[in-house]
Amino acid sequence: MAQGSVLAWIPTALALASMSGAGCASVETRGWFGSDPAKTRARNVILFVGDGMGISTVTAARILEGQLRGETGEENQLAFEALPHVALSKTYNTNQQVADSAGTMTAMVAGEKTKAGILSLDDSVARGDWRSAAGAQLETLLEQAEDRGLSTGVVTTARLTHATPAACYAHTPERDWENDSLLPEAARADDFPDIARQLVEFGHGDGLEVALGGGRANFLPATAPDPEDAGATGARADGRNLTAEWLERLPDSAYVWNAEQLAALDPAQTNHVLGLFEASHMEYEFDRSGDAGGEPSLSEMTAFALKVLSRNPEGYFLMVEGGRIDHGHHANNALRALTDTIEFANAVRTALEATSAADTLVVVTADHSHVFTLSGYPTRGNPILGLVRTNDMWGAPVAEPALDALGLPYTTLSYANGPG
C-alpha cells in the first residue's frame, strides 16, 4: 500500500466514531488527521486507549507524576498532553448513557455505535444471542489493515480477550465469552467461536503479527497446569491448547509467557508473537516488580511490538490499551489507577520516540470515564493522594487539613459511588 493511503479509511472510524459520559474523555493526536488526500501522509497508525481514563484521571495522574519527581505537580505534562491536537469525545452506547468498553471500542475501531457488551457487531444484535450475530459483523480497522497488507498488533495490560482488545479482532454478542466454557451450551453446540478462538483463528491477511497481554487461562485447556501460578490450570473445556495452535498455524511464530522470554526474542526474525503474561489480567504497574513470573511493562511491550510491525514497508496498525487504569478505579484504588496512567503515558512516549510524525499517526484517547472526582481547594503542591489543605485568606498554605460539613478531614480524590 502506498504511503499516505491509510488515512483514507482511518477518519471514518476514528474521526467520526471516537469523537462520539458525554465530554468525559479527551482525544490527543500527532500526525495529519484530516480529509484532504493531498495532505494524507500517514502510513502507520497507533491507537492508544486508556481504559476508564477520563479528564479527572488525566489531571490527577499529571499531578502525581510531577510530585513523584519532587515537583508541585500541577505544571507537569503527561507525554500525550504535549501532542499538537486535542478534542473531547462523547462515550455512550446505543442502549446506555454510561458506556462500557465493548460498545465504545466497537465505535472506535468499526465506526459504528452499538449496545453495551457487544463486540464489533451492529446494534441489531441482542446481547447474548449468538444467532443474531449472523450478518451483523462490522469490519474493524485491524481487519481492514490486514486485508490491505499492513501488519497489525494488539497490546494490553488486561486480558487479550477482554473487551477493548477483543473488539479489534472478534465479533461476538457477549463480551464475557472469552473462552468456550463461558458460552451457553447451545452456543457451544452450534460451534460459535469464543473470543480466544477468534484471535487464533483470525482469517484476515496473514493474521495478527503481535498480540501481547494477559489472559493465558483462556488459551489453555483446563487439564494444562499454568506455567507461573502453582495449582492453577487453563480454563478451556474443549481441550484445545490455543497457544500450540498459534505456533502451528503461523510461520516463524513464537509464544512467550514472561518478560525474559519476550526479551530473548529477535523481533527481526519473528513474524508472529503471542505473549500471555498472566493467567488473567496483568499486574498493576505498582505491583509489577513483585510478579512471580516477571512481566514486561506496557512501555516494553509497545517497544517490542513496534520493532516487529515496523518491518512491513506497507505500514501497520497497532492498538495499545492501558487496561488496568479502569480496574484500579473499579476498586476505588486511586494509587494504582494513577500509576497505571503514568505508565500508559510512558508507553505513548516510547511510541513517539520510536516513530516519526511524517508517516505515523498517533491517537490517544479513552473509552469512558469513572466516578472519580477532585474536590476542595487544595493548596498548590498539596499531595494529590493526601488530605486537602487549603490556603488562608492571604493565600498562604494552612498546616491543618480542611474540614467538611461534619467537621472531618477529606481527601482531594474521591469516588462518587462510595465504597465500590
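Since this is a predicted model, take the numbers as computed values, not measurements.

In this fold, Asp226 is placed in the loop between strand E5 (210-214) and helix H8 (242-249). For Asp226, the side chain forms a polar contact with the side chain of Arg216, separated by 2.8 Å. If we ignore the near neighbours within four places in the chain, the residues touching Asp226 are Arg216, Ala232, Thr233 and Ala279.

The next subject is the pattern of salt bridges. Applying the stated criterion across every chain yields a total of 22 salt bridges. Between Glu174 and Arg127 there is a salt bridge, with the nearest N and O atoms lying 2.9 Å from each other. Of this pair, Glu174 sits in the loop between helix H5 (163-166) and helix H6 (185-189) while Arg127 is found in the loop between helix H3 (101-110) and helix H4 (141-147), placing the two residues 47 residues apart along the sequence. Glu174 sits in the buried class, given a relative accessible area of 11%. Here Arg131 makes a salt bridge to Asp129, at a shortest N to O gap of 3.1 Å. Assessed through its relative accessible area of 22%, Asp129 is described here as partly exposed. The structure contains a network of salt bridges with shared partners spanning Asp191, Arg197, Glu201, Arg240 and Glu245.

Quick look at H3 now. Of all 10 residues in H3, 10 are buried, a share of seventy percent or more. Of all the residues in H3, the buried ones are Ser101, Ala102, Gly103, Thr104, Met105, Thr106, Ala107, Met108, Val109 and Ala110. Gly111 sits one or two residues past H3 and shows a positive phi near 80 degrees.

A separate point is the environment of Glu112. Of note, Glu112 is situated in the loop between H3 and H4. Note on Glu112: relative accessible area 34%, which makes it partly exposed. When the C-alpha atoms of Glu112 and Ala196 are compared, they prove to be 23 Å apart, with 84 residues separating the residues in sequence.

Attention now moves to the packing of aromatic side chains. Taken as a whole and judged by the stated rule, the model has four aromatic pairs. Centre to centre, the rings of Phe80 and Phe344 are 6.0 Å apart; their planes meet at 65 degrees, and the pair counts as edge-to-face. With Phe80 in the loop between helix H2 (55-68) and strand E3 (85-89) and Phe344 in helix H12 (residues 334-354), this pair connects stretches of sequence that are 264 residues apart. Taking relative accessible area as the criterion, Phe344 reaches 0% and is therefore assigned buried. Considering the side-chain rings of Phe372 and Tyr415, the 5.2 Å spacing of their centres and the 40 degrees angle between planes classify their relative orientation as tilted. You can see Phe372 sitting in strand E10 (residues 372-374) and its partner Tyr415 sitting in strand E11 (residues 413-415), a full 43 residues away along the chain. Classification of Phe372 by relative accessible area gives buried; the value is 4%. The class for Tyr415 is buried, based on a relative accessible area of 13%. What links up through ring pairs into an aromatic cluster is the set Phe48, Phe80 and Phe344. In this arrangement the basic side chain of Arg324 is found over the ring face of Tyr284, its NZ or CZ atom lying 3.9 Å from the centre.

Right, let's talk about the sheet that holds strand E9 (residues 360-366) for a bit. Overall, mixed pairing links the nine strands, which are arranged E3-E1-E9-E2-E8-E4-E5-E7-E6 in an open sheet. Two strands close off the open sheet at either side, each with one partner strand: E3 and strand E6 (253-256). Averaged over all adjacent pairs, the angle separating strand axes in this sheet is 10 degrees, with direction ignored. Both strand E4 (residues 151-159) and E5 contribute to a ladder of four bridges, which runs parallel. Counted as the bridge partner of Gly153 is Val210 from E5. With respect to the sheet, H3 is in contact with strand E2 (44-50), strand E8 (316-322) and E9, its orientation differing from that of E2 by roughly 165 degrees. Along the sheet, H12 contacts strand E1 (25-30), E2, E8 and E9; its crossing angle with E2, the most-contacted strand, is approximately 170 degrees.

At a minimum axis distance of 8 Å, the contact between helix H10 (residues 298-309) and H12 shows a crossing angle of 25 degrees. Classified by the interaxial angle, the pair formed by H10 and H12 is roughly parallel. The hand of the H10/H12 crossing is right-handed. For the pair formed by H10 and H12, the contact residues are Leu298, Ser299, Thr302, Ala303 and Leu306 on the first element and Glu343, Phe344, Asn346, Ala347, Thr350, Ala351 and Ala354 on the second. Its residues assigned to classes, the contact of H10 with H12 shows seven nonpolar, four polar and one charged.

Take the nonpolar core next. Ranked by size, the top nonpolar core spans 50 residues in total, and within it Ile46, Phe48, Phe80, Leu212, Leu262, Leu318 and Phe344 carry the most contacts. At nine residues, the largest contribution of residues to this core is made by H12. In this structure Phe344 touches Phe48, Val49, Gly50, Met53, Phe80, Leu298, Val320, Gly322, Ile325 and Val364, once residues within four positions along its chain are discounted. Listed in part, the 39 residues of the second largest apolar core include Val27, Ala167, Cys168 and Phe317.

A positive phi is found at Asp191, a non-glycine position, where the angle reads about 60 degrees. Among the structural elements, Asp191 can be located in the loop between H6 and helix H7 (195-200). With a relative accessible area of 48%, Asp191 lands in the partly exposed category. The phi dihedral of Asn332 is positive, around 55 degrees, even though this residue is not glycine. Within the secondary structure layout, Asn332 lies in the loop between helix H11 (324-330) and H12.

The rules we used
Residues numbered from 1 in each chain as written. Predicted model: local features only at pLDDT ≥ 70, side-chain atom pairs only at ≥ 80, totals over all residues. Heavy atoms only, no water. Helix = DSSP H or I, 4+ residues; strand = E, 2+ residues; numbered from the N terminus. Polar contact = N/O pair within 3.5 Å; in protein donor to acceptor, adjacent residues only side chain to side chain. Contact = heavy atoms within 4.5 Å. Salt bridge = Lys/Arg side-chain N within 4 Å of Asp/Glu carboxyl O. Buried < 20%, exposed > 50% of the residue type's maximum accessible area, 1.4 Å probe, protein only. Phe/Tyr/Trp six-rings, centres within 6.5 Å; stacked < 30°, edge-to-face > 60°. Lys NZ or Arg CZ within 6 Å of the ring centre and 35° of its normal. Pairing = 2+ DSSP bridges. Axes fitted to C-alpha atoms, helices over the stretch in contact; angles between N-to-C directions. Parallel < 35°, antiparallel > 145°, perpendicular 65-115°, else oblique. Left-handed = near helix turned anticlockwise from the far one by under 90°. Nonpolar A, V, L, I, M, F, W, Y, C, P; charged D, E, K, R; others polar. Core = buried A, V, L, I, M, F, W, Y, C linked by side-chain atoms within 4.5 Å.

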